[in-house]
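# Residue-level structure breakdown
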Amino acid sequence: MKLRLFLIAGLVCSLLLAGTSCRQEASADEKGKIRVGIVFDIGGKDDRSFNAAAFVGVKCAETGKRPDGQPCEDNKGALGIVLRDVEPGNPVSIEPAMRAFAERGYDLIIGVGFAQAPIMDVVAKDYPNIHFAIVDGASQLPNVASLVFKEHEGSYLVGVIAARESKTGTLGFIGGMDIGLIHRFAVGYEEGAKSVNPNARVIVNYVGVTDTAWNNPGKGKELALAQIGKGADVIFTAAGNSGLGAFDAVEQQGKDASGRAKDFVIGVDSNQNGVKPGFVLTSMVKRVDNAVYQIVSDVVNHQFKGGFHIYGLESDGVAYAMDDNNRALIPPDVIQQAEEAKQKIIAGQIKVTDAMTK
Amino acid sequence: MNELFNLNLLFSTIRLATPLILAALGGMFSERSGVINIALEGLMLAGAFTAASITYYAGSPWVGLFAAILAGACIAMIHAVVCIRYKADQVVSGTAINILLTGAPALLSGAFFLSSGSTPQVPEQHLIPYTPIVIAFALVPLTWYVLNRTPFGLRLRAVGENPEAADAAGVSVNRMRYTAVLLSGALAGIGGAYLSIGQSSLFTRNMTSGRGFIALAALIFGKWRPVQTMLACLLFGFTEAIAIQLQGVRFGGEEIPNQFIQIIPYVLTIVVLAGFIGQSRAPRALGIPYQKER
């Protein structure tokens, strides 16, 4: 009985400790600086994908360097901000984290991921003088900037590349959670593939229907193996950490006699070409880093605007990634075809279905 | 239909059942000795994180696997001391361990890898995709033999059913229980190692996603017996495998809606548990700390 009390006391203490560790008052060197708080999605900032891209954006704004110490692209310099981040362990700790930032008068609070949009709506209403930004979500409030991407357009382009590179005509898609935002990737990908090969078949799978779907690489791998078993030889993942299982699956299939991988994976959000070099055809990058950096910069320069900030192909907000890891994998005429499709989408000649407005 | 029922489905079932079998057999040792072990989820996470980290540093999956066994046993030792030495509520202790292990890897990975909850990826040549499967299926008959045909197994069962009688016969109840709980930690540790360095190539936060609890359900469904428990684990693995294989399969030109497929494992589990389980009797002394008479 005593021990049970001891256990409970220990638990309470650790919770208190966890609470106080966030409760840092503004120290002297923080005075006068813009303070930015970011609340990550359940995947956490090390998902090598979506959250990682958001972290690159805020880290560049803070230090002028990426989290791994590399210099930032496009001359993104330090903006002289104070940065605090929170990685919620479960969905219920998102709102307290946001409110904690708001209570301490942070200048900008960034929520990462569609799941935070309804929560941010509630919190932002209570703090009309604080700027908020939601990545992948939409809000009607004037003090919330909605940073959204035309994922369907970027997915269309990787669909074009995938269908051209596929030998079997069967492609795979692995989504994380079965939600509208991820359907947008799937539909764009399928349309892109069918524009090149009308007979292409796209097997669409989802890891799950709850937030654990982003953190289940074992199941991601099983889905990829099942798709490969059905003939898929290019698999596009949009599943956070679970997608990394698909990378393992294609690596396991090995390379053919000519040294070319038998099956390929297409990465998502961040440039994942270097995760398994030679097995990653390309990545559908979503420049969350640029969008997040831009909104921080807007706040620093007192130019913050609420409402929608839409990032598409024309602003390189979404793109397919080419680098030294995959240049040898894709022939120039395929690149040319993808570039033509890109120009046509920008010009409005090709309309890619947006699964979220359908 | 031949797209559905094929060898891939079988292999997928086996791979998905392997971590469940390892954890459930671990849970069996603990529970047959009378100590409830709902900490399987946490023990698996400990094994998974340790295996990925140590394999990454040591460059050898065998060192990683061994470390995962040790890590599982060490965490199980906490459970054992709290439940046996201090006679605390076994469910509370198990829950505490599960909570501890959702947080500890994030903290440690921050210290080792400047990351928050995941490890770097282990190169493919350092993965062990098959060994844990062999271990899991070899352990089933071995566990049966140990439980039913050895003096150790007899004592273990006696301690779980009637600790007073076992004590009177000269068996040290607490020593048996310590051994059993440590074994459960070691086995769940192997199950976790399979997740991180067998099935995948890294540890990510909460990557067990409930497998520890499913293993516990399989243990109860299997009536705390090795072979039945293995069959229960295979059933759970099969339901997940079929859900995976069914996605994107066409029946009469129509694809089955994904939401319907996602519920199959749950519906099948309910049907099986409600319809076929029959009477499942727990070890009689399960959950009761042993107080030696003075």
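On a predicted model such as this, the values are computed, not experimentally measured, just so you know. (Residues numbered from 1 in each chain as written. Chains lettered and ligands numbered in written order. Predicted model: local features only at pLDDT ≥ 70, side-chain atom pairs only at ≥ 80, totals over all residues.)

## Focus: the overall build of chain A
When you go through chain A residue by residue, the secondary structure sums to ten helices and twelve strands. Here chain A has a C-alpha radius of gyration of 21 Å; the compact-globule value for 358 residues is 21 Å, and the two agree. Counting every position in chain A, which comprises 358 residues, the buried fraction comes to 54%. A separation of at least 24 residues holds for 69% of the contacts in chain A among residues at least 6 apart in sequence. (Helix = DSSP H or I, 4+ residues; strand = E, 2+ residues; numbered from the N terminus. Rg over C-alpha atoms; globule rule 2.2 N^0.38 Å. Buried ≥ 20, exposed ≤ 12 C-beta atoms within 10 Å, placed from the backbone. Contact = placed C-beta atoms within 7 Å.)

## Concerning the overall build of chain B
Regarding its fold elements, chain B presents eleven helices and two strands. Start at the N end of chain B and walk to the C end: the helices and strands fall as α-α-α-α-α-α-α-α-α-α-β-β-α. Relative to a compact globule of 294 residues, whose C-alpha radius of gyration would be 19 Å, chain B shows 20 Å and is just as compact. Taking the principal axes of its C-alpha atoms as reference, chain B extends roughly 75 × 50 × 30 Å. Taking all 294 residues of chain B together, 53% fall into the buried category. If you take every contact in chain B between residues at least 6 apart in sequence, the share linking residues at least 24 apart comes to 78%.

## Thoughts on the interface of chain A and chain B
In many reports, interface size means the accessible area that the parts give up when they come together. In this complex, chain A contributes 32 residues to the contact, which on the side of chain B involves 33 residues. Sorting the residues of the side of chain A that touches chain B by element identifies helix 1 (2-22), strand 7 (201-208), helix 7 (217-229) and helix 8 (243-253) of chain A as the ones contributing at least two each. Ranked by residue count, the leading element in the side of chain A that touches chain B is helix 7 of chain A, at eight residues. Here the residues of the side of chain A that touches chain B are counted per class, giving eleven nonpolar, eleven polar and ten charged. (Nonpolar A, V, L, I, M, F, W, Y, C, P; charged D, E, K, R; others polar.)

## Things to note about the domain arrangement of chain A
Residues and elements named next belong to chain A. The domains assigned to chain A are domain 1 (29-149 + 289-311) and domain 2 (152-285 + 326-347). The C-alpha centroid of domain 2 is placed 28 Å from the C-alpha centroid of domain 1. Broken down by class, the residue content of the side of domain 1 that touches domain 2 amounts to seven nonpolar, two polar and three charged. (Domains from an automatic or database assignment.)

## Considerations on unusual backbone geometry
Residues and elements named next belong to chain A. Residues other than glycine seldom take positive phi values, yet Asp136 does so here, at roughly 75°. Secondary-structure assignment places Asp136 in the loop between strand 4 (131-135) and strand 5 (144-149). Classification of Asp136 as buried rests on a count of 23 C-beta atoms within 10 Å. For Asp316, which is not glycine, the phi dihedral falls at a positive 60°. With respect to the helices and strands, Asp316 occurs in the loop between strand 11 (307-311) and strand 12 (318-320).

## Let's talk about the sheet that holds strand 9 (residues 264-269) of chain A
Residues and elements named next belong to chain A. What the six strands build is an open sheet, ordered 7-6-8-9-10-12; its pairing is mixed. With one partner strand each, in any of the chains shown, strand 7 and strand 12 form the two edges of the open sheet. Going from strand to strand, the sheet's axes swing by 15° on average, the running direction of each strand aside. Inspection of the sheet shows strand 10 (residues 280-286) paired to strand 12 by three bridges, in the antiparallel sense. Across the sheet, the residue bridging to Val285 is Ala319, located in strand 12. (Pairing = 2+ DSSP bridges. Axes fitted to C-alpha atoms, helices over the stretch in contact; angles between N-to-C directions.)

## Thoughts on the packing of helix 5 (residues 131-149) of chain B against helix 10 (residues 226-246) of chain B
Residues and elements named next belong to chain B. It is at 8 Å that the axes of helix 5 and helix 10 come closest, and there the two elements cross at 150°. As the angle between them shows, helix 5 and helix 10 are arranged roughly antiparallel. Only Pro226, Val227 and Met230 of helix 10 make contact with helix 5, whose side of the interface consists of Val140, Thr143, Trp144 and Leu147. Class assignment of the residues belonging to the contact of helix 5 with helix 10 gives a composition of six nonpolar, one polar and no charged. (Parallel < 35°, antiparallel > 145°, perpendicular 65-115°, else oblique.)

## Examining the environment of Ala319 of chain A
Note on placement: Ala319 of chain A falls in strand 12. For Ala319 of chain A, a count of 21 C-beta atoms within 10 Å corresponds to the buried category.

## Examining the sheet that holds strand 5 of chain A
Residues and elements named next belong to chain A. Spatially, six strands are ordered 2-1-3-4-5-11 in an open sheet, and the strand pairing comes out parallel. Lying at the two open borders of the sheet, with one neighbouring strand each, are strand 2 (81-86) and strand 11. Looking at each pair of strands side by side, their axes are set apart by 20° on average, direction ignored. Note that strand 4 and strand 5 share four bridges and pair parallel. In the sheet register, Phe132 faces strand 5, and the bridge partner there is Val144. Against the sheet, helix 2 (residues 50-63) makes contact with strand 1 (34-39), strand 2, strand 3 (108-112) and strand 4, and its axis sits at roughly 155° relative to strand 2, the strand it touches most.

## Topic: the environment of Phe236 of chain A
All names here are of chain A. Positionally, Phe236 belongs in strand 8 (residues 234-238). Look at Phe236 and you get buried, because 36 C-beta atoms sit within 10 Å. Distance from Phe236 to Ala261, taken between C-alpha atoms, is 15 Å for residues 25 residues apart in sequence. For Phe236, the residues in contact, after removing those within four places along its chain, are Val158, Ala162, Phe173, Tyr189 and Ile266.

## Topic: the pairing of strand 3 of chain A
Residue and element names in this part refer to chain A. Judged by how many residues are buried, strand 3 sits mostly within the fold: five of five residues are covered. Residues of strand 3 alternate between two faces, with Leu108, Ile110 and Val112 on one and Ile109 and Gly111 on the opposite face, all of them buried. As paired elements, strand 1 and strand 3 share four bridges and run parallel to each other. Bridging from a neighbouring strand, Val39 pairs with Gly111 of strand 3. Sheet analysis places strand 3 next to strand 4, joined by five bridges and oriented parallel. Bridged to Val112 within strand 4 is Val135. Note on the crossover from strand 3 through helix 4 (residues 117-126) to strand 4: the handedness is right-handed. (Right-handed = clockwise from strand over helix to strand, strands pointing away.)

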